[in-house]
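What the coordinates show
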Amino acid sequence: MKKDNFLIKTLLIYSTMVCLTIACKPDAPISSGGSAGATINGKPWIADEVRCQTNVPCYGDRLGLGLWRQLPSTNVESFYFHNVPARVGTYAIYASGNQSPCEKDTVASSFDMSIGGDVSGERFLPIGGASNQLRITQYNEKTGEIRGSFAGTYVISNRRYQSYPDTLHVTDSQFRTIVIK
């Protein structure tokens, strides 16, 4: 009887440890819905997830584009582009929050680092006067496929940590995804 109790207790402890170990594993990496990459201050930056959808609240022919990268910690880096015209062309990028989100031909952008994907960390905005551009090189209305690139200089707007330099130079970028409608 004592042997059976010992065996049951051992199995319960072992099962609990296995369940706790599985439950405490870090979240799986963000899945991909397209591809994107850039060079930031001379270093490669590759997105884990790319999403493009109808821009809220503007709708019409405007899109929202997001690029996310999961860091080895629980932190997430992201580029956001709002009010993107759904047509081939080159558009100036402005700082998010400085214009109406539905203003014609105004593409708003930011680069953000969040903790755990939802707690605000650091925010960078495109610097005024620089040649910050988003280029749509291909857009197929039937399939929803969109391709393009972006470049610009982003400066710190909200510093909570000392994780990044004050200025980010973004070059050699590309993105490709399908618009979610």
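1. Regarding the packing of aromatic side chains
Following the criterion strictly, the structure yields 10 aromatic pairs and no others. Relative to Y80, the ring of W68 has its centre 5.8 Å away and its plane inclined at 80°; by these criteria the two rings are edge-to-face. With W68 in strand β4 (residues 62-70) and Y80 in strand β5 (residues 76-85), this residue pair connects regions lying 12 residues apart in the sequence. Site record: aromatic cluster; members linked through ring pairs are W45, F79, F81, F111, F124, F150, Y154 and Y164. Between the NZ or CZ atom of R51 and the centre of the ring of W68, over which it lies, the distance is 5.7 Å.

2. Overview of the pairing of strand β9 (residues 133-139)
Pairing between strand β6 (residues 89-95) and β9: 4 bridges, direction antiparallel. Each residue of the ladder has a partner; that of A92, found in β9, is Q133. Here 6 bridges tie β9 to strand β10 (residues 145-158), and the two strands are oriented antiparallel to one another. Residue pairing in the sheet places R135 in a bridge with S149 of β10. The turn joining β9 and β10, which pair antiparallel and follow one another in sequence, is formed by 5 residues; a positive phi near 80° is taken by G144.

3. Let's talk about the pairing of strand β2 (residues 43-46)
Pairing between strand β1 (residues 34-40) and β2: 4 bridges, direction antiparallel. In the sheet register, A38 faces β2, and the bridge partner there is W45.

4. Section: the confidence of the model for the chain
With 70% of its residues at a pLDDT of 70 or more, the chain has an overall mean of 77. Averaged over each element, pLDDT in the chain is lowest for helix α1 (residues 2-23) (37) and highest for β9 (95). Of the regions scoring below 50 in pLDDT, residues 4-32 engages in 9 contacts with residues more than four places distant in sequence or in other chains.

5. Looking at unusual backbone geometry
Both trends apply: most residues other than glycine have a negative phi, and most peptide bonds are in trans. Even without glycine at this site, N41 takes up a positive phi of about 50°. Looking at where N41 falls in the secondary structure, it is placed in the loop between β1 and β2. The exposure class of N41 is partly exposed, given its relative accessible area of 32%. If you check the backbone angles, N83 has positive phi at about 65° while not being a glycine. In this fold, N83 is placed in strand β5.

What counts and what doesn't
- Residue positions are given per chain, counting from 1 as you read along its sequence in written order.
- Note on the predicted model: pLDDT of at least 70 is required for a residue's local features to be given, and 80 or more for side-chain atom pairs to be given and counted; whole-chain, interface and lining totals, by contrast, use all residues.
- Note that the side-chain values use all heavy atoms of the structure and ignore hydrogens as well as water.
- Aromatic rings from Phe, Tyr and Trp, taking only the six-membered ring of Trp, are treated as a pair when their centres fall within 6.5 Å; an angle between ring planes under 30 degrees marks them as stacked, one over 60 as edge-to-face, and anything in between as tilted.
- Secondary structure elements follow DSSP: runs of H or I no shorter than four residues count as helices, runs of E no shorter than two count as strands, and numbering proceeds from the N terminus.
- Either the NZ atom of lysine or the CZ atom of arginine qualifies as a charge over a ring when it sits within 6 Å of the ring centre and within 35 degrees of the ring normal.
- Paired strands, in this sense, are two strands between which DSSP finds at least two bridges.
- On a range of 0 to 100, pLDDT expresses the predictor's confidence in each residue.
- Contact criterion: two residues are considered in contact whenever any of their non-hydrogen atoms come within 4.5 Å of each other.
- For every residue, the accessible area obtained with a 1.4 Å probe (protein chains only) is divided by the maximum for its type, and the residue is called buried under 20%, exposed over 50%, and partly exposed between those limits.

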